[in-house]
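# Chains, contacts and geometry: an overview
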Amino acid sequence: MKGWALVGAAAILGGALILGLQYLTVDYAARQAQMQHEQALLDLLPSASYDNHPLEQPLAIDSQPLANSQLHGGYLATSANQPSAVLLRLQANGYVGPIELLIAIGSDGRLLGIKTLQQSETPSLGGHISEPGNPWMEAFKRRSQEDRAPFDQMTGATVTSRAVINAVHDALRYFDEHRPSLLEPGVHE
C-alpha cells in the first residue's frame, strides 16, 4: 500500500508541475505576442525618437468624424518627458470596405509614417497598402499640411488611394488644429 501511495503522490506532483509549467509558458507566450504586436505598431517611429511606451499613453480623444474619415483615438510618444510624436488611429472607406490606419506625426507636424492596421481591398490593387515597405505609403514620410505638392495616387487603385490620402489630410489637419492640446507635456499622464 505504501508503494501505491508514493506512486500516486508522484503522479499528482508531476501533473501539478506540468500544469504549472504550461500556465507559465502560455503567459510568457502571450506577453511575447503582445510585445511583438506593439513593436509592429511602433515601427512607424524612429527608435531614437521616443523613450516611453506610447501605447500606454493614450490621448484623450473621443471617436469622432473628420472630413473624410473617422478618428478613433491616438497615442503620445515622448523623449525625455517631452512630446516627440502623436500616433492617430483613423478609419476611411476604401473600395471594398473600411481601411484602418495608424498615422504617426512628429511634433513638428511632419508625417513619420503610415501603417495599415486592417483592410479588405483587392489584393492585386489596393491591398498593396498593407505590404511592409510599400513605396507608395513610404512616399508620405516627411510631408506636412503646409506642403502644396499633391499626393500621388496608387496606379490602378483610385478609390483606395483617395481614401488613404484623404485620411492623411484629415490626420494632418486634426494635428494642426489640436497641436497644443496633443503636445502639452504632462496633460496625458
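Bear in mind that the values here come from a model prediction, so they are computed numbers and not experimental data.

What follows is about the overall build of the protein chain. The number of helices and strands found in the protein chain is three helices and five strands. Taken from N to C terminus, the helices and strands of the protein chain fall in the order α-β-β-β-β-β-α-α. Within the protein chain, the fraction of its 189 residues that count as buried is 38%. Taking as baseline every contact in the protein chain between residues at least 6 positions apart, the subset at least 24 positions apart corresponds to 51%. Here the protein chain displays about 11,000 Å² of accessible surface, and carbon together with sulfur accounts for 57% of that area.

Along the chain, the position of T78 falls in strand β2 (residues 70–79). T78 sits in the buried class, given a relative accessible area of 9%.

This next bit is on the sheet that holds strand β4 (residues 98–106). Read from one edge of the open sheet, five strands run β1-β2-β3-β4-β5, paired in antiparallel fashion. With partners counted over all chains shown, the strands left at the sheet margins are β1 (64–65) and β5 (111–118), one partner each. Looking at chain direction, β2 and strand β3 (residues 82–93) are connected through nine bridges and run antiparallel. Considered in β3, the bridge of L71 is made with L90.

With that settled, the discussion passes to the pairing of β4. Summarising burial for β4: seven of the nine residues are buried, a large majority. Note that β3 and β4 share nine bridges and pair antiparallel. When the bridges of β4 are listed, R89 appears paired with L102. With antiparallel pairing between neighbouring strands as the criterion, β3 and β4 make up a hairpin whose turn holds four residues. Direction of pairing for β4 relative to β5: antiparallel, over a ladder of six bridges. Within β5, the residue paired with L101 across the bridge is T116.

On average, the protein chain scores 82 in pLDDT, and the residues at 70 or more come to 80%. Of all secondary-structure elements in the protein chain, the lowest mean pLDDT belongs to helix α1 (residues 2–42), at 69, while β1 reaches the highest, 96.

This paragraph deals with the environment of L45. Tracing the backbone shows L45 in the loop between α1 and β1. The spacing of L45 and V86 is 41 residues in sequence and 9.6 Å in space, taken between C-alpha atoms. Leave out the neighbours within four places in its chain, and L45 touches Y50, P54, A77, A85, L87, A104 and L112.

Conventions adopted
- Residues numbered from 1 in each chain as written.
- Predicted model: local features only at pLDDT ≥ 70, side-chain atom pairs only at ≥ 80, totals over all residues.
- Heavy atoms only, no water.
- Helix = DSSP H or I, 4+ residues; strand = E, 2+ residues; numbered from the N terminus.
- Buried < 20%, exposed > 50% of the residue type's maximum accessible area, 1.4 Å probe, protein only.
- Contact = heavy atoms within 4.5 Å.
- Areas by Shrake-Rupley, 256 points an atom, 1.4 Å probe, with all protein chains shown as cover.
- Pairing = 2+ DSSP bridges.
- pLDDT = per-residue confidence, 0-100.

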